[in-house]
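Residue-level listing of the chains:
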Amino acid sequence: MASAALEIVGMGLSILGWVGVLVTCGLPMWQVSAFIEANIVVAQSLWEGLWMTCAVQSTGQMQCKVFDSILALSPEVQAGRAITVLVALLGLVALMVTVMGAQCTNCVRPGRAKSHIALAGGAIYVLCGVLVLIPICWFAHITISDFYDPTVPRFKKREMGASLYIGWAATALLLVGGGLICCGARGHKDEDAFPVKYSAPRRPTSNGEYDKKNYV
């Protein structure tokens, strides 16, 4: 039962991490305007994401524009798009594989094959966590390098947006959740599966009454 509990907890954490990756992919806050010295009070702030850029006015109005050309995008944006979409699809595959191999389901008969399926699902979640780190750390490195580069004009300097922090949290959830699923899968045993017990039908005695031992 302990291994089954590990799988359930790991699956819950992995699903949360997968949802975090979806939010990170769609949220246009990978880079935001940096407020430096005289730029503290500005009329608008800029948000940049993988799919669009947004201008937020001081009045609260926001205008977003989707990137027109894919080939004109920077390499980090193109790689970020490809990897986050790949991770989103892999997370869906990992969910289906983990459900099939989990001890709390009856999709596959308990045994070594079922433990291998659950182990594969956990490994895919761990792979998703490693892959999503690539674009997030890439963006963070570029943002920090440009911020401290004296040759970059102040109005072009950016700071790390909320998407990067959400992505790091999603990565941690995927890695921990996938690891728990793998640990639970290694503890698979036939007797660890949720038992289904059947009782023999009660038979009446010769005088038509049920034997008292049926109620003990």
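- By the naming in an unreviewed UniProt entry, the protein chain goes by Claudin and is assigned to Alligator mississippiensis.
- Of the protein chain, the UniProt comment under Sequence similarities (unreviewed entry) reads exactly: "Belongs to the claudin family."
- You can read under Function (unreviewed entry) in the UniProt record for the protein chain the words "Claudins function as major constituents of the tight junction complexes that regulate the permeability of epithelia."

### Quick notes on the nonpolar core
Alright, step 1. Among the nonpolar cores identified, the biggest contains 19 residues, and Val21, Trp30, Val87, Phe139 and Leu164 are the most heavily contacted of them.
Alright, step 2. It is helix α3 (residues 112-147) that provides the largest number of residues to this core, a total of seven residues.
Alright, step 3. Beyond its immediate sequence surroundings of up to four residues, valine 21 is in contact with Thr84, Val87, Val132, Ala170 and Leu174.

### Topic: a nonpolar patch on the surface
Alright, step 1. A surface patch of nonpolar side chains, amounting to about 250 Å² of accessible area, comprises Ile15, Val19, Val23 and Ile166.
Alright, step 2. Here the nonpolar patch gets three residues from one element, more than from any other, and that element is helix α1 (residues 2-26).
Alright, step 3. Examined against the element boundaries, valine 23 turns out to sit in helix α1.
Alright, step 4. Since its relative accessible area comes to 37%, valine 23 is described here as partly exposed.

### Some points on the packing of aromatic side chains
Alright, step 1. Enumeration according to the criterion identifies three aromatic pairs in this entry.
Alright, step 2. Between phenylalanine 147 and tyrosine 148, the aromatic rings sit 5.2 Å apart at their centres with planes inclined by 80 degrees, giving edge-to-face as the arrangement.
Alright, step 3. On the basis of relative accessibility, which here comes to 26%, the residue phenylalanine 147 falls in the partly exposed class.
Alright, step 4. Tyrosine 148 sits in the exposed class, given a relative accessible area of 65%.

### Quick notes on α1
Alright, step 1. Relative to the 36 Å expected for 25 residues at 1.5 Å per residue, α1 spans 37 Å between its end C-alpha atoms, a close match to the ideal helical length.
Alright, step 2. Within the span of α1, buried status applies to Ser3, Ala4, Glu7, Gly10, Met11, Ser14, Gly17, Trp18, Gly20, Val21, Thr24 and Cys25.
Alright, step 3. Next to the buried residues of α1 lie α2 (75-101), α3 and α4 (162-186).

Analysis parameters
- Residues numbered from 1 in each chain as written.
- Predicted model: local features only at pLDDT ≥ 70, side-chain atom pairs only at ≥ 80, totals over all residues.
- Heavy atoms only, no water.
- UniProt positions renumbered as here; feature names shortened; annotations may be inferred.
- Core = buried A, V, L, I, M, F, W, Y, C linked by side-chain atoms within 4.5 Å.
- Buried < 20%, exposed > 50% of the residue type's maximum accessible area, 1.4 Å probe, protein only.
- Helix = DSSP H or I, 4+ residues; strand = E, 2+ residues; numbered from the N terminus.
- Contact = heavy atoms within 4.5 Å.
- Patch = residues over 30% accessible without salt bridge, like charges linked within 9 Å, V, L, I, M, F, W, Y side chains within 5 Å.
- Areas by Shrake-Rupley, 256 points an atom, 1.4 Å probe, with all protein chains shown as cover.
- Salt bridge = Lys/Arg side-chain N within 4 Å of Asp/Glu carboxyl O.
- Phe/Tyr/Trp six-rings, centres within 6.5 Å; stacked < 30°, edge-to-face > 60°.
- Expected span 1.5 Å × (residues − 1).

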